[in-house]
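# A look at the structure
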Amino acid sequence: MIQITDFAKEPQSMPLFRLAFRPFFLAGTIFAVVNMILWGLVLSGKISIISMFPPAMWHAHEMLFGFSGAIIVGFLLTAVQNWTGYPGIKGPTLACIFIIWLLARIAMFVLPPKFFWLTMIFELTWMPLAAIAFAVPVIKAKQWRNLFFVPLLLVMSIFNVIFMFGFKNNDYILSQNTIWSMLFLVCFLITVLAGRVIPFFTSKGTHSNKVQPILALEYMSIAPVMLLAVLAWFPNLVLVSGVIALIGGCANILRLRRWKPMITLSVPLLWSLHLSYLLLSLGLIVYAISLFVPALNAITMIHLTTIGGVSGVILAMISRVSLGHTGRTLTPSKWMSLAFIALVLAAVVRVLFPTFMPNLPLMTYWISIVCWILGFMLFILFYSKLLLSARIDKKPG
């Protein structure tokens, strides 16, 4: 049997760097709050960004590559230990990748254009290193099914290169296309992981039989989202993108229905996952409609997927993973139900208010921002001690 951890050395190491979920979940959520505060102040004209990128593109980049990227890496580098039986990275190696991620976030916000090369070094180092750290145990265990996450992380890194060089060469359309493609790539990853964990978590949490996937429906749910990431590079095919998004959204709603969301209503860590996945799916549908109806703004509509769907799934997932991997029972504080609802409100306000109250944009943004901040601040409040402390059951990790 594979020895995952040296029990003699484990108590001597800093708890924060014993597994990747600890630093990346904690810092990622703190960054999510700080980013939104800064974004709100920028929108209000209270501060300006020194960064080499326009404020809107900085915000989009950091939500996708900074925040979502941190959570994705933290989850994968933690899950790979369970999937393969080989140790996940920890200690100085983990700390090194995390510090580079942190330096990249600071550089993105404060470094002016003349330090482009330094920002590039930080930004394009941490995720490839994480991909290598993930690949090593997967290859050792010969789990080729999980190896596809490695090229996915590398593609995200390539997108980062394209985004940065687009602005360096004044090709703003190229950078914008990269952001859209990265957005759908993150959604694709969420749909893949959701298919693995939501039916499993639902079965465990409700003591019911695990729903077995229908292969055709799985492909119909996942493939369109990947196609949207490809079609983002072809803005002239907007109507094709609309059809694909509509198919993907409808298929994912059917997929979710098979996962029995109604039996999860008494379990916050489950209904939050199901509700967030519903918003992701509905977001694809309203995004598709916006591509056919000029009066609707596609950027506004996609926020139902990004805020309510992607971020909602993230908050629900990290809430569960953090409890399980620190030896706690899967019973979060009752306040976390408010956190999950706050993200739903943030998404709904961000989508509906600009559509029906277009004359009050700043108020709309701030209501949505405050709800977002509330959701992630509650996570930080109730989970930071867990993430900074050793497991209560004395096990490694």
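Now for a look at the structure at hand. For clarity, every value in this text was computed on a predicted model and none was experimentally measured.

## Notes on the overall build of the protein chain
Regarding its fold elements, the protein chain presents 14 helices and 0 strands. Ordered by position from N to C terminus, the α and β elements of the protein chain give α-α-α-α-α-α-α-α-α-α-α-α-α-α. The buried share of the protein chain, reckoned over its 397 residues, is 56%. Partitioning the intrachain contacts of the protein chain with sequence separation of at least 6 by distance along the chain shows that 78% fall at a separation of at least 24. A total accessible area of about 17100 Å² is found for the protein chain, and carbon and sulfur atoms account for 73% of it. Side-chain charges of the protein chain comprise 26 positive and 7 negative groups, with the mean position of each set lying 8 Å from the other.

## Focus on a nonpolar patch on the surface
Taken together, the side chains of Met220, Val238, Leu239, Val243, Ile247, Ile289, Phe292 and Val293 define a hydrophobic patch exposed on the protein surface, amounting to about 620 Å² of accessible area. Every element with two or more residues in the nonpolar patch is listed here: helix 9 (238–258) and helix 10 (268–292). Looking at which element gives the most residues to the nonpolar patch, the answer is helix 9, with 4 residues. Judged by its relative accessible area of 40%, Phe292 is partly exposed.

## Topic: unusual backbone geometry
One non-glycine residue, Asn170, lies in the positive phi region at around 60 degrees. Summarising the element assignment, Asn170 is placed in the loop between helix 6 (149–168) and helix 7 (172–206). Look at Lys394: it is not a glycine, yet its phi comes out positive at around 70 degrees. Relative to the elements of secondary structure, Lys394 occurs in the segment after helix 14 (361–388). Take Lys394: its relative accessible area is 73%, and that puts it in the exposed class.

## Comments concerning the pattern of salt bridges
Tallied over the full model, the rule gives 4 salt bridges. Where Arg105 meets Glu62, a salt bridge forms, and the shortest distance between an N and an O atom there is 2.7 Å. Taken together, the residues Arg105 in helix 3 (residues 91–110) and Glu62 in helix 2 (residues 55–84) connect sequence positions 43 residues apart. Of the two residues examined, Arg105 and Glu62, each falls in the buried class. Of the charged contacts in the structure, one is a salt bridge between Arg255 and Glu218, with a shortest N-O distance of 2.8 Å.

## Examining the packing of helix 10 against helix 13 (residues 335–356)
Here helix 10 crosses helix 13 at 5 degrees, and the two axes come no closer than 10 Å. The angle between helix 10 and helix 13 falls in the class roughly parallel. Taken together, the residues of helix 13 that come into contact with helix 10 (itself represented by Pro268, Leu269, Trp271, Ser272, Leu275 and Leu279) are Ser337, Phe340, Ile341 and Val344. Of the residues in the contact of helix 10 with helix 13, the class split is 8 nonpolar, 2 polar and no charged.

## Thoughts on the packing of aromatic side chains
Evaluation of the coordinates by the stated rule reveals 28 aromatic pairs. Seen from their ring centres, Phe167 and Tyr172 are 5.1 Å apart, and the 50 degrees between their planes marks the pair as tilted. Using a relative accessible area of 44% as the deciding quantity, one classes Tyr172 as partly exposed. Clustering of aromatic rings is evident, with ring pairs tying together Phe17, Phe24, Phe31, Phe98, Trp101 and Trp126. The positively charged end of Arg105 is found above the aromatic ring belonging to Phe31, 5.9 Å away from the centroid. Sitting above the plane of the Phe201 ring, Arg320 keeps its charged end 3.6 Å from the centroid.

## Focus: the nonpolar core
Core analysis: the largest hydrophobic core is formed by 134 residues, its most contacted members being Phe24, Phe67, Met156, Phe184, Leu315 and Trp372. Considering every element that reaches this core, the biggest residue donor is helix 7, with 17 residues. The residues touching Trp372, leaving out its near neighbours within four places in the chain, are Ala32, Val33, Met36, Met63, Phe67, Ile307, Ser311, Leu343 and Ala346.

Calculation notes
- Within each chain, residues carry numbers counting from 1 in the order of the written sequence.
- Two thresholds apply to this predicted model, a pLDDT of at least 70 for residue-level local features and 80 or more for giving and counting side-chain atom pairs, whereas whole-chain, interface and lining totals are computed over all residues.
- The side-chain numbers reported here are obtained from all heavy atoms of the structure, hydrogens and water having been left aside.
- Only DSSP runs of H or I with at least four residues qualify as helices, and only runs of E with at least two residues qualify as strands; both kinds are numbered from the N terminus onward.
- For each residue, the accessible area found with a 1.4 Å probe, counting protein chains only, is set against the maximum for its type, and the residue is called buried under 20%, exposed over 50%, and partly exposed in between.
- By definition, residues are in contact when any of their heavy atoms lie within 4.5 Å.
- All accessible areas in this document rest on Shrake-Rupley with a 1.4 Å probe, and a residue is counted as covered only by the protein chains that are shown.
- In this tally, Lys and Arg are treated as positive and Asp and Glu as negative; His is ignored, and so are the chain termini.
- One atom stands in for each charge, and that atom is NZ of Lys, CZ of Arg, CG of Asp or CD of Glu.
- Nonpolar side chains (Val, Leu, Ile, Met, Phe, Trp, Tyr) are joined into patches within 5 Å and like charges within 9 Å, using only residues with over 30% relative accessible area and no salt bridge.
- The term salt bridge refers to a side-chain nitrogen of Lys or Arg lying within 4 Å of a carboxyl oxygen of Asp or Glu.
- Where helices are involved, their axes are fitted lines through C-alpha atoms of the stretch in contact, as for all axes, and angles between N-to-C directions lie from 0 to 180°.
- The cut-offs work like this: below 35 degrees is roughly parallel, past 145 is roughly antiparallel, 65 to 115 is roughly perpendicular, and the gaps in between are oblique.
- Classes in brief: Ala, Val, Leu, Ile, Met, Phe, Trp, Tyr, Cys and Pro nonpolar; Asp, Glu, Lys and Arg charged; the others, Gly included, polar.
- In this analysis, rings of Phe, Tyr and Trp, with Trp reduced to its six-membered ring, are considered paired at centre separations within 6.5 Å, and the interplanar angle assigns stacked below 30 degrees, edge-to-face beyond 60, and tilted for intermediate values.
- By definition here, charges over rings are those cases where NZ of Lys or CZ of Arg is within 6 Å of the ring centre and within 35 degrees of the ring normal.
- Buried Ala, Val, Leu, Ile, Met, Phe, Trp, Tyr and Cys residues that are joined via side-chain atoms within 4.5 Å together make up what is termed a nonpolar core.

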